[in-house]
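Chains, contacts and geometry: an overview
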Amino acid sequence: MKILYEVSRIAEDIRTMRIRGAGRIARAAALGLKIAAEKFEGKDGEEFRRYIKDVAEYLRSTRPTAVSLPNALTFIVHRLMISPSEDLEELRSTVVKSAEEFIEYSKKATENIGKIGAKRIEDGDKVLTHCNSSAALSVIIHAFKEGKDIKVYNTETRPKFQGYITARKLLNIGIKTTLIPDSSVRAFMKKIDKVIVGADTVAANGVVVNKIGTSQIALAAKEANVDFYVAAETYKFSPMTVLGEYIVIEERSPKEIVRNMKIPENINIRNPAFDVTPAEYIDAIITEMGIIPPQAAILILKEHYGWAIRDYLIRELSIDEA
Ligand code: RUB
C-alpha cells in the first residue's frame, strides 16, 4: 500500500505528539483519510475501499489509548462500506464529506461542551485542571467569558509538560492561572472548588481514561469533597468496551522521564501515559449532548454507537438482535 507523504506526516506527528490531545488526534486522522481519498489514483471502487481501509488501519496504529482516533476513522470507513455505489467518484465523495462532517462535528461539540459545562462553574470558583484538554478548557473559557471571576490551578503534567500549553492559553485569554507541580495537588485541594479534566476514553461502565495523574487528582478531590468533572465529546466513548474489550494504556519511552539526567545504569523506568479513574470518583461527564452521570455512559454508547456494536455482533458472533 502506498502511503502519501501528507498522510505519513500526520501519522508521524500523532506518534511523536506534535499533534496531541484526543480531539485533535481524531480530527487529524479524519483529515488524513480525506487527503488519502482525494489523492487516490486508482480507477476502481473496490480497490478504493480496500485502500481507505488500509490507510485507516495505518492511522489507527499511531497511538493506542484515545478511542476518539478509531471512532473518527470508523465513522468514515463505515459510511464507505455501507454505500451501495461502485462508482469511484461517488465513493471518494462519501469519504471526503464524512471526514469533513466529523471534523465540523468535533469542533462544534467542544464548543457546546463549553456552553453546557460553564453552567457548573460559579462566580469566584477556583478550578483545577490537569494536562491540556480542549474540552476542559472550553468549559473554563466559556465560564470566564460569561463574566465569572475564576482562578485556575493547573498542573505541570510530567513528563511532557502539557500544563505549560494550558497555562499559556489561559493567560492569553486573561484568566488568572497558577501552575503547580503534579505532586502538590493534594496540598492545594483545600483551595479548589471544582476539578475539570478531559478524557481520552470513557468506558461502558463509566470509568475514564485520561492523562496519567488524573486518578490521583480524583482521589484527592473525593477526599476533600470537591466536585470532579470530566469534559468529553461522545466520540470519546468506547463502543468496544461494551463488548468486553480492555482499554490499552500507552507506555511511552523512559527517555521522556529522564531527559538529560545522569541515571544509574540498568535502572528500570516505567512511563505510562494514561490512567483509569473509577466512575465513583466522577461527579458528572459533560458531553455535547448534556451532562450525564458516568454510570450513564452505556446509554450514550447505545445511542451513538449502536451501529458499531451491532456490526461487530453480526460480523464476529453472527448475532443479529442487538
Ligand atoms: C492528552 C490528554 C487530554 C485528553 C483530552 O494526552 O490526556 O486530557 O486527550 O484532550 P496527550 P481534548 O497529551 O498524551 O495526548 O479535550 O483536547 O480532546
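Just so it is clear, the model here is predicted, and its values are computed rather than measured.

According to the stated counting rule, one finds 22 salt bridges in the structure shown. Between Arg49 and Glu46 there is a salt bridge; the shortest N-O distance is 3.8 Å. Here Arg49 pairs with Glu46, and both are found in helix H3 (residues 45-60), just three residues apart, close to one helical turn. The class of Arg49 is buried, set by a relative accessible area of 7%. Lys194 is the salt-bridge partner of Glu122, the closest N and O atoms lying 2.8 Å from each other.

Turning our attention to the site of the ligand. Among the 18 residues in the neighbourhood of the ligand, the closest are listed as Arg20, Gly23, Ser133, Asn210 and Lys211. Contacts to the ligand include Gly21, whose backbone N or O atom sits 2.9 Å from an oxygen atom. The separation between an oxygen atom of the ligand and a polar side-chain atom of Asn210 is 2.7 Å. In isolation the ligand exposes 460 Å². Once the protein is present, 100% of that is buried. Those elements that provide at least two residues to the shell around the ligand are helix H2 (22-39), helix H6 (134-145) and strand S6 (208-211). Partitioning the shell around the ligand into residue classes produces six nonpolar, seven polar and five charged. In terms of domain composition, the shell around the ligand takes at least three residues from each of domain 1 (5-111) and domain 2 (112-305).

A few words on the domain arrangement of the chain. As far as domains go, the chain holds domain 1 (5-111) and domain 2 (112-305). Centre-to-centre separation of domain 1 and domain 2, based on C-alpha positions: 26 Å. Facing 23 residues of domain 1, the contacting portion of domain 2 comprises 33 residues. Between domain 1 and domain 2, roughly 2100 Å² of surface is buried when both sides are summed, and carbon and sulfur atoms account for 50% of that area.

Of the two faces of strand S9 (residues 284-287), the one holding Ala284 and Ile286 and the one holding Ile285 and Thr287 are both buried throughout. Summarising the sheet, strand S7 (residues 227-231) and S9 pair through three bridges and their orientation is parallel. Bridging from a neighbouring strand, Val230 pairs with Ile285 of S9. Alignment of S9 against strand S10 (residues 290-292), held across three bridges, turns out to be antiparallel. Across the sheet, the residue bridging to Ile285 is Ile292, located in S10. Counted between consecutive antiparallel strands, the loop separating S9 from S10 contains two residues.

This brings us to the confidence of the model for the chain. When pLDDT is averaged along the chain, the result is 96; 99% of the residues meet or exceed 70. Predicted confidence in the chain is weakest over helix H11 (residues 297-317), with a mean pLDDT of 91, and strongest over S7, with 99.

A separate point is a nonpolar patch on the surface. Taken together, the side chains of Met261, Ile263 and Ile267 define a hydrophobic patch exposed on the protein surface, amounting to about 280 Å² of accessible area. Mapping Ile267 onto the fold places it in the loop between helix H10 (255-258) and strand S8 (274-277). Judged by relative accessible area, Ile267 falls into the partly exposed class, the value being 42%.

Conventions we followed
Residues numbered from 1 in each chain as written. Predicted model: local features only at pLDDT ≥ 70, side-chain atom pairs only at ≥ 80, totals over all residues. Heavy atoms only, no water. Salt bridge = Lys/Arg side-chain N within 4 Å of Asp/Glu carboxyl O. Helix = DSSP H or I, 4+ residues; strand = E, 2+ residues; numbered from the N terminus. Buried < 20%, exposed > 50% of the residue type's maximum accessible area, 1.4 Å probe, protein only. Near = heavy atom within 4 Å. Polar contact = N/O pair within 3.5 Å; in protein donor to acceptor, adjacent residues only side chain to side chain. Areas by Shrake-Rupley, 256 points an atom, 1.4 Å probe, with all protein chains shown as cover. Nonpolar A, V, L, I, M, F, W, Y, C, P; charged D, E, K, R; others polar. Domains from an automatic or database assignment. Contact = heavy atoms within 4.5 Å. Buried area = accessible area lost by both parts, 1.4 Å probe. Pairing = 2+ DSSP bridges. pLDDT = per-residue confidence, 0-100. Patch = residues over 30% accessible without salt bridge, like charges linked within 9 Å, V, L, I, M, F, W, Y side chains within 5 Å.

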